[in-house]
Each structure stands twice: as C-alpha cells, then as structure tokens.
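Below, each chain spelled out in residue letters.
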Amino acid sequence: MICDDTRDLHFYLGCHRASWLTTAPLDVSLFISHRVLRTYKRLPGPPFWPFWRKGMPLRHVAIDSGAFTELSLYHQFVTTPEEYVTALARYDDELTVLDWAAPQDWMCEPWMLAKTGLTVAEHQRRTVENFIRLTELWPQVSDADCPIMPVIQGWTVDDYLVCVALYEEYGVRLAEDYEIVGVGSVCRRQATAEIGDIFRTLSQLDLPLHGFGVKLAGLRRYGRYLVTADSMAWSYAGRRTPTQCGSTRHKSEANCQVFALQWRNRVEAAAAEAKREIDAPDQLDLFHAPARATQQRAPEPLQQPKLVRPGQDDQLDLFAAA
C-alpha cells in the first residue's frame, strides 16, 4: 500500500492572498486558486529570490482550478481548458516549485447536482474528459512535465470506484503513472464514517491520495490513508475568532497569516499522529465494510473479499465547516 508510515503526509496551507507567496515561511507549502492568481501580470516571488542559495528551502505550491466557485456561481465552467492550461504554464514558469495543479473537475454533492441539473455519472464523465483534454493541451504550451493531477469524483463508495474504472477505460493508469490522485466532494462531510470508508477503500487500490479541504477531524479519522492534503479551514475559524496575534489592523483572524501558521502546526501534528497509528484499527474497522457490487468479487468461503483492480479552495471555501 502506498500510504504507509514511511511517507509523511505533505500538507498545503490553503490561502487566498497571492502576497503569501512572498511573506509566508519558505518551508510552508501553499494551495492557492487560479482565480486568485489570474489577476496578476507577474506573480509575487519568495523573499531573496532570485538570490537563492544552495541549502535554502524552495516554496512548494499547488494550484486549485477554482472549479467549486465556477460551478457554484455559473453552474458550468466559464474558464475554458485552453485558458486554464495557458495560465498553468505561466505559473509553472514563475513559481519556484509548482508541485501539481487540480483539473477542472465536477463536484458530485447533491446540492451541486441540483445546480447543474446533471447526474453523478455525467459529472464523472466530464471530470475525466477534462483531465484528458488538459493533458492533451499541455504540450502545446510548455515543454515541462505536465503538473495536472487526476481527481476521482463521486458521492458513495461505489461511485468513486466507478470513476476509477472510468479513468481506466480512457487509458489513464492512476496508480502506475501519477504521484498524486485527488479525491473530490469530501471536504464538507469529513467527520462521517462514509468518508473514512471511501479513503480506506481507495487506498487499497494503491492510489497516492490527496484530500481536498481536510480538517482536523478528517485527518484524525483517515489521515493514515493520505499522501497529501490541503485546507484553508483556518480562515472560517478565524472569522469567528477575535484578533489574538496583537495586530491592530484586523478585527478577526480570517486573513491572518500568524493564525493560519499556528493552525497549520496543529494540522501537521494531527497528521503525524494519524500516520503513527496506521497499523492500528480505526472505528471503521469495527464494522463490516459494505459490499462493492460493481468493483468487488463475491467472497469465497473462508477467504477475504478481493478488490478487482480497475484497469480547487478559494473564497467560497471560507464557508466550509472547520
């Protein structure tokens, strides 16, 4: 299994201020939306850059496509794949280390389906086809390795397994060819047993999983199955927190970097604890896992069931529960 205690979870602090590319400590990885960066003709650089010296850390950044915002506001994408991939090529040139970028995936929450009027299956098809399209466009705009990662979408456990199989049908080998595979439509229901079951099931397929919008409760429950995660839940919590950092320039901690970094420290401590407990059963193991009719063989007598191996945060996310 890829998710083991020898590989620490890499956490990306979600932010909605491009200036943090300069002001945050260099060893803090950032997750920032395309919708924030697109307004800049030139991205802010880290301190002392380009006077970087050997041994100094490099800023690691991951890009959110802004899919949640666009689908929430317009019920479709107004940013074309061509526009998005061109912007990603520019970010790849200007950022010190662009680790990966999310595709323009289609979330599968019931309320999102109500906005688009489409089905889970259609959202999954559009997610996979957008990923394929972006990877096809990338060589036209850059000679660098394509940073776009695939995202699995769904709502139930079986939905996610169907999406994995759909990638296989399109010739995308998730476990073999990608260092990161995102899992979408989870950030607003992370404390539920169902989410833990989803991540545990997908980790059994040897997928290097990224958790979008992970919060402390989620990390404690399923952090052992993740390779990377991001969140800006600190900002929602900060909106309800009077200024604690001593600044006289803001009345709450919703945009405070000091508050965000303190919250990040708690997240990383929770992630480390979750990794240490990888061999210990969690609460999900106390219950019989539901059958996966479409992806799992029927168990034979005295044998374990066998899994058949199938062939972005910005300002709207401030309203996610901490």
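Note that this is a predicted model, so its numbers are computed, not measured.

What counts and how
Residues numbered from 1 in each chain as written. Predicted model: local features only at pLDDT ≥ 70, side-chain atom pairs only at ≥ 80, totals over all residues. Heavy atoms only, no water. Helix = DSSP H or I, 4+ residues; strand = E, 2+ residues; numbered from the N terminus. Expected span 1.5 Å × (residues − 1). Buried < 20%, exposed > 50% of the residue type's maximum accessible area, 1.4 Å probe, protein only. Contact = heavy atoms within 4.5 Å. Lys, Arg positive; Asp, Glu negative; His and termini not counted. Salt bridge = Lys/Arg side-chain N within 4 Å of Asp/Glu carboxyl O. pLDDT = per-residue confidence, 0-100. Patch = residues over 30% accessible without salt bridge, like charges linked within 9 Å, V, L, I, M, F, W, Y side chains within 5 Å. Areas by Shrake-Rupley, 256 points an atom, 1.4 Å probe, with all protein chains shown as cover. Pairing = 2+ DSSP bridges. Axes fitted to C-alpha atoms, helices over the stretch in contact; angles between N-to-C directions. Disulfide = S-S within 2.5 Å. Parallel < 35°, antiparallel > 145°, perpendicular 65-115°, else oblique. Left-handed = near helix turned anticlockwise from the far one by under 90°. Nonpolar A, V, L, I, M, F, W, Y, C, P; charged D, E, K, R; others polar. Polar contact = N/O pair within 3.5 Å; in protein donor to acceptor, adjacent residues only side chain to side chain.

With 22 residues, helix 6 (residues 120–141) extends 32 Å between its outermost C-alpha atoms, agreeing within 8% with the 32 Å of an ideal straight helix rising 1.5 Å per residue. Listed as buried for helix 6 are V120, E122, H123, Q124, T127, V128, N130, F131, I132, L134, L137 and W138. For helix 6, the secondary structure elements touched by its buried residues are helix 4 (81–94), helix 5 (110–116), strand 5 (151–152) and helix 7 (157–169).

Take the side chain of R59 next. Mapped onto the secondary structure, R59 falls in the loop between helix 2 (34–37) and strand 3 (60–64). Although R59 lies buried, it forms no salt bridge, and the closest oppositely charged side chain, D27, sits 6.2 Å away as judged by the N-O distance. In this structure R59 touches W20, L21, T22, A24, P25, L26, V28, L30, T96 and V97, once residues within four positions along its chain are discounted.

Moving on to the confidence of the model for the protein. Low-pLDDT portions of the prediction should not be read for the details of their coordinates. Of the residues in the protein, 75% have a pLDDT of 70 or more, and the chain-wide mean is 82. Every residue in residues 1–5 is under pLDDT 50, and counting partners more than four places away or in other chains gives 19 contacts. Segment residues 283–322 is flagged for pLDDT under 50; beyond a separation of four residues in sequence, or across chains, it makes 93 contacts in the model.

Here the focus is a nonpolar patch on the surface. Where nonpolar side chains cluster on the molecular surface, the patch consists of L73, Y74 and V78 and spans about 270 Å² of accessible area. If you trace the backbone, V78 turns up in the loop between helix 3 (67–74) and helix 4.

On to the sheet that holds strand 3. Across the sheet, which stays open at both edges, the eight strands sit in the order 4-3-2-1-8-7-6-5 with parallel pairing between neighbours. In this open sheet, the two edge strands, each paired with only one partner strand, are strand 4 (97–101) and strand 5. Two elements, strand 1 (residues 10–15) and strand 8 (residues 226–231), share four bridges in a ladder whose sense is parallel. When the bridges of strand 8 are listed, H10 appears paired with T228. Lying over the sheet, helix 4 contacts strand 3 and strand 4, oriented at roughly 155 degrees with respect to strand 4.

On to the pairing of strand 4. Most of strand 4 is tucked away, with four of its five residues classed as buried. Here strand 3 pairs with strand 4 via four bridges, running parallel. Pairing of H60 across the sheet is with V97, part of strand 4.

A few words on the state of the cysteines. Here, disulfide denotes a covalent bond that connects the sulfur atoms of two cysteines. Per the stated rule, a full pass over the model turns up zero disulfides. Take C163: it sits in no disulfide, and the sulfur closest to it among the cysteines is that of C108, at 7.4 Å.

Attention now moves to helix 7. The end-to-end C-alpha distance of helix 7 is 19 Å, a good match for the 18 Å that 13 residues give at a rise of 1.5 Å each. In this structure, the buried residues of helix 7 make contact with helix 6, strand 5, helix 8 (174–177), strand 6 (181–183) and helix 9 (193–203).

Two elements in contact, helix 7 and helix 9, have axes whose closest approach is 9 Å; the angle formed by their N-to-C orientations is 30 degrees. As summarised for this structure, helix 7 and helix 9 are arranged roughly parallel, according to the angle between their axes. The chirality of how helix 7 crosses helix 9 is right-handed. On helix 9, the residues that touch V157, Y160, L161 and V164 of helix 7 are D197, I198, T201 and L202. A class-by-class count of the residues in the contact of helix 7 with helix 9 yields six nonpolar, one polar and one charged.

Glancing now at the packing of helix 4 against helix 6. Geometry of a packed helix pair, given as the angle between the helix axes and the separation of the axes. With their axes 9 Å apart at the nearest point, helix 4 and helix 6 run at an angle of 55 degrees to one another. Our classification of the angle between helix 4 and helix 6 gives oblique. Where helix 4 crosses over helix 6, the handedness of that crossing is right-handed. Residue-level contacts link P81, E82, Y84, V85, T86, L88, A89 and D92 of helix 4 to N130, R133, L134, L137, W138 and V141 of helix 6. The class makeup of the residues in the contact of helix 4 with helix 6 is nine nonpolar, two polar and three charged.

We now examine the side chain of T79. Structurally, T79 is set in the loop between helix 3 and helix 4. Here T79 falls in the buried class, since its relative accessible area comes to 7%. Side-chain polar atoms of T79 contact the side chain of E70, separated by 2.5 Å. If sequence neighbours within four positions are ignored, T79 has contacts with H34, R38, E70, Y84 and Q104.

This paragraph deals with the environment of H210. Structurally, H210 can be placed in strand 7 (residues 209–211). In this structure the C-alpha to C-alpha distance between H210 and F199, which are 11 residues apart in sequence, comes to 9.6 Å. Every residue in contact with H210, bar those within four places of it in the chain, is listed here: W100, M149, I180, V181, G182, V183, F199, L226, T228, A229 and D230. A distance of 2.7 Å separates polar atoms of two side chains, one belonging to H210 and the other to T228.

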